[in-house]
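Summary of the model geometry
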Amino acid sequence: MEVKLKLILEKIHWSLIFKSLFLGLIWFFLPFWIFFCVILLFYFIPIFRPAHLLFQFLIFIFISKIIEISLLNFLFLTILIFLIFGIKDLIIIRRDLAYQILGLLYFFILILKFFEKFGSEFNWSTIIFSFLLSIIFILFFKNKIFFETNLNNFNYLNFKIGLGIMAFLIWQLILVLCFLPMNFYLQTAILILFISLGFETIIHYAVFGLNKQFILANSLIFSIIFLIILSFNNWAL
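The sections below set out a description of the structure shown in this document.

**Some points on the overall build of the protein**
Looking only at helices and strands, the protein features 11 helices and 0 strands. Each of the three principal axes of the protein carries a C-alpha extent, and together these read 50 × 45 × 30 Å. Taken over 237 residues, the protein has a buried fraction of 43%. Charge separation in the protein, taken as the distance between the mean sites of 15 positive and 9 negative side-chain charges, equals 7 Å.

**Description of the packing of aromatic side chains**
Under the counting rule described, the total for this entry stands at 29 aromatic pairs. When the ring of phenylalanine 107 is compared with that of phenylalanine 141, the centres are 6.0 Å apart and the planes differ by 15°; the resulting orientation is stacked. Taken together, the positions of phenylalanine 107 in helix α6 (residues 95-118) and phenylalanine 141 in helix α7 (residues 124-141) put the pair 34 residues apart, joining distant regions of the chain. Looking at phenylalanine 141, the relative accessible area reads 0%, which means it is buried. Members of the aromatic cluster, joined through ring pairs, are Tyr99, Tyr106, Phe107, Phe137, Phe140, Phe141, Tyr156, Phe159 and Phe199.

So, how was this worked out
Residues numbered from 1 in each chain as written. Predicted model: local features only at pLDDT ≥ 70, side-chain atom pairs only at ≥ 80, totals over all residues. Heavy atoms only, no water. Helix = DSSP H or I, 4+ residues; strand = E, 2+ residues; numbered from the N terminus. Buried < 20%, exposed > 50% of the residue type's maximum accessible area, 1.4 Å probe, protein only. Lys, Arg positive; Asp, Glu negative; His and termini not counted. Charge placed at Lys NZ, Arg CZ, Asp CG, Glu CD. Phe/Tyr/Trp six-rings, centres within 6.5 Å; stacked < 30°, edge-to-face > 60°.

In C-alpha cells:
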C-alpha cells in the first residue's frame, strides 16, 4: 500500500489539493444542496471527459449525502474528491492504482452503512441490497483503466470473468456475514479484506494468469488477517 501511495502521489498537484479541500469545506460547513451545485460545476466545467467517471461520480454524490458531518468524514470525503478529479483530469500518474483505492474506499463506506442497517437481520431487503452491492462492484471495476495501463499483456476476457465470479462470491459472503454474531465493523472488515485481496487476484489473473505461489501467498495473508479480525469478536452467546 505504501508503494502504491508513493506512485499515486508522485508529482503532487497543489491545485488539485486546494480544490479538494475547498469542496470538502463546503460539504462540512454549508447545506448539502450548495455542495451539490458547486461540485457539479467543478465536475462539468470545464468540460473534460465528463462521461469517463460519471457513474463513479454519482456514487460519490450518494456517499456524500449519507455520511454524517464530522471531521473524520471531512478528511475521508476530501480524499475521495482528490482521487476522482485526479483520475478524471489525468493528473494522477498511476490512475489504475488510484482507481483501485477509490473503489475500496467507496465499498468501505457502502458496506459499513449496509451492515450498520442490515447486519443483524436477514430479510428481502438484505438480499436485494446485498445483490445491488455486488452489481455495483461489477459496474465500478469493469473499467478500461486497468486495460489501458497493462495494454500489452492484459486479458480483458479473464478480467470480466473474474469480476463476475468475484461479484457472486461477494453477494454470498454478505449473506453469510449477516448470520454471524458479530458487529458491523468486523463484518465490514472481513468483506473489505475479501474484496481487496480478491481484486488483486483478478488483476493478477488478467495480466499474468494464476500460479500456486500467488494463490498460496494470498490465501496465507487472508487467513492471518481473517483470524486477527475474528479475535476481536465477542463470541459469547
